[in-house]
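# Architecture and fold: a report
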Amino acid sequence: MRALTLLAVASVASAAFAFPYSTSFESPFTTGALDMQQGWESTDTVQSYTIANVGSGARTGSQVVRFEDKAGTAPWATRQLPGGTIFAIAAVSVFIPTTTSADYIFGLDAFFDVLSLDQANISFDSSGRIWGTQTAGNITQIGNLGGAATNRWVDLRLTLNLTTNTAVGFIDGQSFNLANVGTATEIASVDLFSFDRGTNVGGVAWYDDYAAVPEPMTMTVLVAGLALAARRRRKA
């Protein structure tokens, strides 16, 4: 009976969360709008985010997520994390062509408790300026890559921990302590991010090799349950 209980709990944990999640946006992604593909959603109506085949230009494989500003908007592309996520690490690589204005920034942006915006952000622009939220809800310049950041892949990562109320951004080997995450109770998503700091300036970027590793509160409970069941089984 104990063995059956242990198996049942493990089965629930496996079925409930298809995480950790990683993708290089290859098949089964198909070229065209990213919205509604493999659980991804876009927050704009003009399909600024698309799957594009760029051949050897991709960081991995041949396909990327291509962002192009089509309406002077600042949309996100999102894939929800499991409910109750209290710790998460997310990463992506971004490529900015030389034709993109330095007034456009690209990176990762975390949503907490579904509706709160820009609580944790790490991003950069074509000139190499690094941007982030060292004040909650306020994206400002926080560093510099040391030169132009065009025509090369730049690696970004966010580490979020609601139990310690901390957020840390990483970009090309540099790390930045970001603003505390306040009273958030869960991490809803960590999104592909683009923002026009100018007035309808041109913005194009590619995203590849996205990964998200969350630890939901409910998963923590399940793991604890598994450990307890295993200990009881050993004592029996």
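Parameters and conventions
Residues numbered from 1 in each chain as written. Predicted model: local features only at pLDDT ≥ 70, side-chain atom pairs only at ≥ 80, totals over all residues. Heavy atoms only, no water. Helix = DSSP H or I, 4+ residues; strand = E, 2+ residues; numbered from the N terminus. Buried < 20%, exposed > 50% of the residue type's maximum accessible area, 1.4 Å probe, protein only. Areas by Shrake-Rupley, 256 points an atom, 1.4 Å probe, with all protein chains shown as cover. Pairing = 2+ DSSP bridges.

## Remarks on the overall build of the protein
- When helices and strands are counted, the protein shows two helices and 16 strands.
- For the protein, the residues scored as buried account for 47% of the 236 residues in total.
- With the model as given, the accessible surface of the protein reaches about 10800 Å², and the carbon-plus-sulfur share is 55%.

## Topic: unusual backbone geometry
- In this structure, Pro-28 follows Ser-27 across a cis peptide bond, with omega equal to 20°.
- On the secondary structure map, Pro-28 appears in the loop between β1 (21-23) and β2 (32-33).
- With a phi close to 75°, Met-36 is a non-glycine residue in the positive phi region.
- For Met-36, the location among the structural elements is in the loop between β2 and β3 (41-42).
- With a phi close to 55°, Asp-209 is a non-glycine residue in the positive phi region.
- Positionally, Asp-209 belongs in strand β16 (residues 204-216).
- On the accessibility criterion, Asp-209 (18% relative accessible area) is buried.

## Side note on the pairing of strand β4 (residues 49-53)
- Of all five residues in β4, four are buried, a share of seventy percent or more.
- Two elements, β2 and β4, share two bridges in a ladder whose sense is antiparallel. In the strand pairing of β4, Ala-33 is matched with Thr-50.

## Observations concerning the pairing of strand β10 (residues 129-135)
- Bridge analysis of β10 against strand β11 (residues 138-144) gives five bridges, and the strand direction is antiparallel. Within β11, the residue paired with Thr-135 across the bridge is Asn-138.
- With antiparallel pairing between neighbouring strands as the criterion, β10 and β11 make up a hairpin whose turn holds two residues, including Gly-137 at a positive phi of roughly 80°.

## Observations concerning the environment of Ala-212
- The residue Ala-212 is located in strand β16 in this model.
- Considered as a pair, Ala-212 and Ala-88 are 124 residues apart in the sequence and their alpha carbons are 6.9 Å apart.

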